Amino acid sequence: MQAITKTMIEEAAAFIRRTTDVRPEIGLILGSGLGVLGDELEDAVTIPYEDIPHFPVSTVEGHAGELLIGKLQGCNVMLMRGRFHMYEGYEPERTALPVRVMKALGVQKLLVTNAAGGINLDFAAGNLMLISDHINLTGKNPLIGPNDNALGVRFPDMSEAYSRRLRGIAQETAKELGFELKEGVYVGLLGPNYETPAEIRMLRTLGADAVGMSTVSEVIVARHSGIEVLGISCISNAAAGILDQPLSHEEVMETTERVKEQFLSLVLSVLPKM
Ligand code: HPA
């Protein structure tokens, strides 16, 4: 598949610019079952991914596959309802193309969300977890290949991948809203199968608190682009082997549906403070 070029990024950005006068400052990527936030946008322009030059289309149930641009809590936002995963067959750089396009459109801050399995035994399905850091165990990297210095440096720093400033705001906001926001390390795997119990025990030993199949390539590209990142996981299930029951996408969708009010109130309150 063709590598992502600056021209492709510019063509996608130019197409989006023609659809709206809103110039987004904050990007949002919504994970499985968390797309409801898109319904809150004012004066929203909705663009199906298939209309945007060079965008892949998302193939996962629960991921709508559309980009929304509009106002949310007084902020100009660009929101992705549905994202691209490497397990769908996309190259890592392509899963993160929307982040490149966000940057081209002027986005400076990114809120990434996902559904994740809880590895930490103190977590329960339905908890929200602030991502303090991540471990990229996908074996892939969206920055592989020649580096375009106009987009970012060859060896980007990842020592504060998830902004300490934004994490502070999120924790403070959760406290104001009166609920506990867990905090921990997200490990990104390639998928698409859920992990084995042995893999979960290994991941716990490695220092991971939650596991999922997305996010890491987007955050690597965001940091490469100089975008400040906030990450929130919805713990949709106990990871494999913790409870004596099988895992399913239905359970993931049921849990995200159950916690959507709390998720919405957190994100809506955090946004204007970002
Ligand atoms: N593992 C990996 N990805 C996931 C999980 C899980 O348990 N739950 C939701 N996404």
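Nothing here was measured: the structure is a model prediction, and the numbers come from that model.

Section: helix H7 (residues 249–258)
In step 1: Taken together, the buried positions of H7 are occupied by Glu251, Val252, Thr255 and Thr256. Buried residues of H7 fall within an arc of 130 degrees about the axis and therefore sit on the same side. The exposed set on the far side of H7, more than 90 degrees from its buried face, consists of Glu254 and Arg258.
In step 2: Looking at the buried residues of H7, the elements they touch are strand S5 (109–118), strand S9 (228–238) and helix H8 (260–270).

Details of the environment of Leu137
In step 1: With respect to the helices and strands, Leu137 occurs in the loop between strand S6 (128–136) and helix H4 (164–177).
In step 2: Separated by 16 residues in sequence, Leu137 and Val153 have C-alpha atoms that sit 22 Å apart.
In step 3: Sequence-distant contacts of Leu137, defined by excluding residues within four places in its chain, comprise Val187, Gly188, Leu189, Leu203 and Leu206.

As for empty space enclosed by the protein
In step 1: According to the stated counting rule, one finds one cavity of 30 Å³ or more in the structure shown.
In step 2: The wall of the largest cavity is formed by Phe84, His85, Met86, Thr95, Thr138, Leu189, Met213, Ser214, Thr215, Val216, Ser217 and Glu218.
In step 3: Broken down by class, the residue content of the lining of the largest cavity amounts to five nonpolar, six polar and one charged.

Some remarks on the pattern of salt bridges
In step 1: Inspection of the entire model under this criterion finds nine salt bridges.
In step 2: A salt bridge links Arg81 to Asp39, with the nearest nitrogen and oxygen atoms 2.9 Å apart. One end of the pair, Arg81, is in strand S4 (residues 75–81); the other, Asp39, is in the loop between strand S1 (26–30) and strand S2 (42–48), and 42 residues separate them in sequence.
In step 3: Here Glu183 and Arg167 are joined by a salt bridge, their closest N and O atoms 3.7 Å apart. One end of the pair, Glu183, is in strand S7 (residues 182–188); the other, Arg167, is in helix H4, and 16 residues separate them in sequence.
In step 4: Relative accessible area serves as the criterion here: at 36%, Glu183 is assigned to the partly exposed category.
In step 5: Shared partners join several salt bridges into a network, and the residues in it are Asp39, Glu66 and Arg81.

Topic: the side chain of His224
In step 1: With respect to the secondary-structure elements, His224 resides in helix H6 (residues 216–224).
In step 2: A relative accessible area of 6% places His224 in the buried class.
In step 3: Reaching out from His224, the side chain makes a polar contact with the side chain of Arg100 at a distance of 2.9 Å.

Description of the nonpolar core
In step 1: Among the nonpolar cores identified, the biggest contains 44 residues, and Ile16, Ile52, Phe55, Leu67, Met78, Val101 and Leu110 are the most heavily contacted of them.
In step 2: Breaking this core down by element, the ones donating at least two residues are helix H1 (6–19), strand S3 (66–72), S4, helix H3 (97–104), S5, S6, H6 and S9.
In step 3: If you look at the next biggest cluster of nonpolar residues, it comprises 33 residues, including Leu28, Leu128, Leu130 and Ile169.

A short note on the packing of aromatic side chains
In step 1: The full count for this structure, using the stated rule, is four aromatic pairs.
In step 2: Here Phe55 and Phe84 contribute two aromatic rings whose centre-to-centre distance is 6.0 Å and whose plane-to-plane angle is 80 degrees, an arrangement assigned as edge-to-face. Separated by 29 residues along the polypeptide, Phe55 in the loop between S2 and S3 and Phe84 in the loop between S4 and helix H2 (92–95) bring together distant segments of the chain. Neither residue differs from the other here; Phe55 and Phe84 are each classed as buried.
In step 3: Both rings, one in Phe84 and one in Tyr90, keep their centres 5.8 Å apart while their planes meet at 75 degrees; by these two values the pair is edge-to-face.
In step 4: Residue class for Phe84 comes out buried when judged on its relative accessible area of 2%.

A word on unusual backbone geometry
A negative phi angle is the norm for most residues apart from glycine, just as the trans form is the norm for most peptide bonds.
In step 1: With omega at 0 degrees, the peptide bond leading from Gly191 into Pro192 counts as cis.
In step 2: Tracing the backbone shows Pro192 in the loop between S7 and helix H5 (197–206).
In step 3: One non-glycine residue, Asp43, lies in the positive phi region at around 50 degrees.
In step 4: Note on placement: Asp43 falls in strand S2.
In step 5: Exposure remark for Asp43: the relative accessible area of 65% places this residue in the exposed category.
In step 6: One non-glycine residue, Thr215, lies in positive phi territory at about 75 degrees.
In step 7: With respect to the element layout, Thr215 can be found in the loop between strand S8 (210–212) and H6.
In step 8: Residue classification places Thr215 among the buried positions, given a relative accessible area of 1%.

Conventions we followed
Residues numbered from 1 in each chain as written. Predicted model: local features only at pLDDT ≥ 70, side-chain atom pairs only at ≥ 80, totals over all residues. Heavy atoms only, no water. Buried < 20%, exposed > 50% of the residue type's maximum accessible area, 1.4 Å probe, protein only. Helix = DSSP H or I, 4+ residues; strand = E, 2+ residues; numbered from the N terminus. Arc of directions from axis to C-beta. Contact = heavy atoms within 4.5 Å. 1 Å grid on protein atoms, 1.4 Å probe; cavity = no way out; pocket = protein on both sides within 12 Å on 5 of 7 lines; lining within 4 Å. Points joined across faces, edges and corners; volume = space filled by probe spheres on them. Nonpolar A, V, L, I, M, F, W, Y, C, P; charged D, E, K, R; others polar. Salt bridge = Lys/Arg side-chain N within 4 Å of Asp/Glu carboxyl O. Polar contact = N/O pair within 3.5 Å; in protein donor to acceptor, adjacent residues only side chain to side chain. Core = buried A, V, L, I, M, F, W, Y, C linked by side-chain atoms within 4.5 Å. Phe/Tyr/Trp six-rings, centres within 6.5 Å; stacked < 30°, edge-to-face > 60°.

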